[in-house]
Structure formats: structure tokens, C-alpha cells
Amino acid sequence: MTAVHSVADAFSTRECDHIVAAIANIPTDDALLVGRNRDHKQRNAELVWMDDVGDLTWVMTRLIKLVSQSNKHQFDFDVREFAESPQVAKYDAAKGGHFAWHSDIGRGLAAGKRKLTLVLQLSNPDTYDGGDLEIRPSAHILLANRAQGSVSVFPSFALHQVTPVERGVRHSLTVWAHGPPFR
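Residue numbers restart at each chain and count upward from 1, following the sequence in its written direction. Since the coordinates come from a predicted model, pLDDT governs what is reported: local features require at least 70, and pairs of side-chain atoms require 80 or more to be given and counted, while whole-chain, interface and lining totals use all residues. Excluding hydrogens and water, the side-chain figures rest on all heavy atoms present in the structure.

(A) Expanded view of the overall build of the protein chain. Note on conventions: DSSP H or I runs of at least 4 residues are helices, E runs of at least 2 residues are strands, and numbering of each starts at the N terminus. What the protein chain contains, in helices and strands, is two helices and 13 strands. Seen along its three principal axes, the alpha-carbon backbone of the protein chain occupies a region of about 40 × 35 × 30 Å. Exposure categories follow from relative accessible area, calculated using a 1.4 Å probe and restricted to protein chains: below 20% of the type maximum is buried, above 50% is exposed, and the middle band is partly exposed. Burial statistics for the protein chain: of 183 residues in total, 46% are counted as buried. Across the protein chain, the fraction of contacts at a sequence separation of at least 24, relative to all contacts at a separation of at least 6, is 83%. Summed over its atoms, the accessible surface of the protein chain is roughly 9,100 Å², and 50% of this surface lies on carbon and sulfur atoms. Charge centroids of the protein chain, computed over 20 positive and 21 negative side chains, lie 5 Å from each other. The contact criterion used is simple: two residues touch if any of their non-hydrogen atoms lie within 4.5 Å. Only the protein chains shown count as cover for residues, with accessible areas throughout obtained via the Shrake-Rupley method and a probe of 1.4 Å. Two residue types count as positive, namely Lys and Arg, and two as negative, namely Asp and Glu; His and chain ends fall outside the count. Charge placement uses NZ in Lys and CZ in Arg. For Asp and Glu, CG and CD serve respectively.

Here it is as C-alpha cells:
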């Protein structure tokens, strides 16, 4: 099993810019942790849930295909559904945007069934500093592809973080594939 499956150019620059533009005027929510807790020392970001955005069904169609292919060729987990809407996160340097080490499995009905996490890089990496997605599936830290339109898929139980954004704004889209809880 590969620890992280990366797909370069999964979305075009134009498609990424379109997604960011589509959420630009949608009111954001303060990012919460699993269990509905707020802790800006752990995570400081603003979120828009894709269910709140107009017609972007093509995005979810593409995400489902990417997760399905990654799972088939890399992970072979028992994945059965997408029980949560994708979220677009905005990590702003002016607001201390970051997300410290965590896993995506936790308390809560949907969080306990998360099997795979997919992160789509929406921002051009030249527009911000910091904001690296780091994944630690073992003793070694892997750096996710920063290229706009790239996708990283990894087991939801893997520790990962978004380092503090030091300049500019980083946008990313995250969705989870769900199945029976791990045993």
C-alpha cells in the first residue's frame, strides 16, 4: 500500500480558479475540529461547504472518480459512500491560518467512518508562503504536491497538518470517502 497517492493535474488551473471564485461570496464558517470544538491553536481557517455553493456537481463527480481510482489501485479499503459534503478551506496568513497535526478520524457518526481523505490544491503556490500539507503516515513526513490542481489521497487515520501560512492565502478542497469503521 502506498502511503499517499498523488494525482498531478487532476483539475486545471482554470477549474481551480472557478471553484475559488464560486465560493468567494458565500459566508464562511469558522473551522471546527471533529466533535464540533473550536480551538484556534489547533486550527485556524474559514470553511465553505460545497452544499452551500451553486451548481458545482461536476466537482463532486470528478472527486468520486479520483477517490475510486486511488482506492482501487493503492488502498483497497471498504469504501461505500461520501457521507459529508466537500469543504473548501481558506488559510489566510493575516489570520494565522494553519491546521496542526491531526487525523481525520474521530468522534461523530461520519468522522468514525472516514476511510480516505482527498485534498485538492486550489491555490497557485506562488501566491502564498508556508501552508504546506504535510502527511506523516509513519516516522517520515511526506510533503503533498503544491501544484495548483493536484490531488493527494491518503488514509484518514494518517496524521497530517497544514503548516502556518506566512504570506497570502491558501485554498484547498477536502472530501472524505466513508465505509464501515476500521477494526
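(B) View of the confidence of the model for the protein chain. In the predicted model, the protein chain carries a mean pLDDT of 90, and the fraction of residues at 70 or more is 93%. Confidence scores per residue from the predictor, reported as pLDDT, run from 0 to 100. The least confident element of the protein chain, judged by mean pLDDT, is strand 2 (residues 29–30) at 67; the most confident is strand 8 (residues 128–130) at 98.

(C) Focus on helix 2 (residues 57–75). The span expected for a helix works out to 1.5 Å for each residue beyond the first. When the terminal C-alpha atoms of helix 2 are compared, their 26 Å separation across 19 residues agrees well with the 27 Å that a helix rising 1.5 Å per residue should span. The set of residues buried in helix 2 consists of Val59, Met60, Leu63, Leu66, Val67, Ser70, Asn71 and Phe75. For helix 2, the arc enclosing every buried residue in end-on projection is 130°, short of the 170-degree limit, so these residues lie on one face. Exposed residues pointing more than 90 degrees away from the buried face of helix 2 are listed as Thr57, Thr61, Lys65, Lys72 and His73. Looking one or two places after helix 2, you find Asp76, whose phi comes out positive at around 60°. The arc refers to the directions leading from the helix axis to the C-beta atoms.

(D) Structural view of the pattern of salt bridges. By convention in these notes, a salt bridge is any Lys or Arg side-chain nitrogen within 4 Å of a carboxyl oxygen on Asp or Glu. Going through the model one piece at a time under the given rule, you end up with seven salt bridges. In this structure, Arg62 engages Glu15 in a salt bridge whose closest nitrogen and oxygen atoms are separated by 2.7 Å. Of this pair, Arg62 sits in helix 2 while Glu15 sits in helix 1 (residues 13–23), placing them 47 residues apart in sequence. On the basis of relative accessible area, Arg62 is assigned to the partly exposed category, the value being 25%. Note that Glu81 and Lys113 form a salt bridge whose closest N and O atoms lie 2.8 Å from each other. Of this pair, Glu81 sits in the loop between helix 2 and strand 5 (87–92) while Lys113 sits in the loop between strand 6 (98–102) and strand 7 (114–121), and the two are 32 residues apart along the sequence. Its relative accessible area of 34% is what places Glu81 among the partly exposed residues. The exposure class of Lys113 is partly exposed, given its relative accessible area of 22%.

(E) Seen up close, the sheet that holds strand 6. Strand pairing requires that DSSP identify at least two bridges connecting the strands. Read across the sheet, five strands follow the order 3-6-12-9-10 without closing on themselves; strand pairing throughout is antiparallel. Both outer strands of the open sheet, strand 3 (43–44) and strand 10 (142–143), are each paired with one neighbouring strand and no more.

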